[in-house]
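Overview (structure and organization)
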Amino acid sequence: MAIFKIINGNYPTTSDMENLISYVIRPNKALYVGIPNLYAMQPNPASDICTQMLQVKNLYSKNSGKQLIHFVISLSGYSFDYESRMTPEQLHFISSLFANDICEAGYQCLYAIHKTSNLHVHFVLNSVNWKTGEKFSGKQEEYTSFINGFHNCALFKKYQLNFSVYYGNTHT
């Protein structure tokens, strides 16, 4: 059973946004980082990513409220075939496909694969859709569409991976 956990953070300031992005992509924890529709340059990639997201927010005058969407998919204890677990490389591949779907839907996003006591992936999305200017409401239905997108990935279907969803601190 995989866990899809929605992190309840508003990240209202530029500093909050940069801190979250820095946390997610930090080199000492991130095995893989994907930024399919953003660019990042050294020495401060979080600042570059944040600036691009703010440009979209400014374009549509959507600078207040929840600035980032943050969720984590954890594969704690999930076994593909009783003998081996999903590898970070497999999770990276699946995450890249899912991130591309998110980008196609109009959201700037990044993801990073972490392996601490469990293998998991963080996704961070701009709360403003760059195609429509609409703001992600954060309603459970919107997250359900993201969950379904990840769950419909061919590898997840092949191995019949199911999700347990936590919305903030509440299990659904």
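Quick notes on the rules
- Residues numbered from 1 in each chain as written.
- Predicted model: local features only at pLDDT ≥ 70, side-chain atom pairs only at ≥ 80, totals over all residues.
- Heavy atoms only, no water.
- Helix = DSSP H or I, 4+ residues; strand = E, 2+ residues; numbered from the N terminus.
- Buried < 20%, exposed > 50% of the residue type's maximum accessible area, 1.4 Å probe, protein only.
- Polar contact = N/O pair within 3.5 Å; in protein donor to acceptor, adjacent residues only side chain to side chain.
- Contact = heavy atoms within 4.5 Å.
- Phe/Tyr/Trp six-rings, centres within 6.5 Å; stacked < 30°, edge-to-face > 60°.
- Lys NZ or Arg CZ within 6 Å of the ring centre and 35° of its normal.

1. Considering the side chain of His-122
- Looking at the element boundaries, His-122 is found in strand S5 (residues 119–126).
- Judged by relative accessible area, which is 5%, His-122 ranks as buried.
- There is a polar contact of 3.5 Å between the side chain of His-122 and the side chain of His-120.

2. Some points on the environment of Glu-18
- As for its position among the elements, Glu-18 is in helix H1 (residues 14–25).
- Spatially, the C-alpha atoms of Glu-18 and Ile-49 are 8.2 Å apart, while their sequence positions differ by 31 residues.
- The contact partners of Glu-18, leaving out residues within four places of it in the chain, are Asn-44, Ala-46, Ser-47 and Cys-50.

3. Thoughts on the environment of Tyr-111
- Within the secondary structure layout, Tyr-111 lies in strand S4 (residues 109–115).
- Sequence spacing of Tyr-111 and Pro-36 is 75 residues, and the spatial spacing of their C-alpha atoms is 9.0 Å.
- Apart from the residues within four sequence positions on either side, Tyr-111 is in contact with Tyr-32, Val-33, Gly-34, His-92, Ser-95, Ser-96, Ala-99, Val-121, His-122 and Phe-123.
- At a separation of 3.2 Å, a polar atom in the side chain of Tyr-111 contacts the side chain of His-92.

4. Comments concerning the packing of aromatic side chains
- Considering all chains together, one arrives at six aromatic pairs under this definition.
- Taking 5.1 Å as the distance between ring centres and 80° as the angle between the ring planes, the aromatic pair formed by Phe-98 and Phe-123 counts as edge-to-face. With a gap of 25 residues between them, Phe-98 in helix H3 (residues 88–104) and Phe-123 in strand S5 connect regions that are remote in the sequence.
- Owing to a relative accessible area of 4%, Phe-98 belongs among the buried residues under this scheme.
- Here a set of aromatic residues connected by ring pairs shows up, and it is made of Phe-4, Phe-71, Phe-98, Tyr-111 and Phe-123.
- Here the basic side chain of Arg-26 rests over the ring of Tyr-23, its NZ or CZ set 4.0 Å away from the ring centre.

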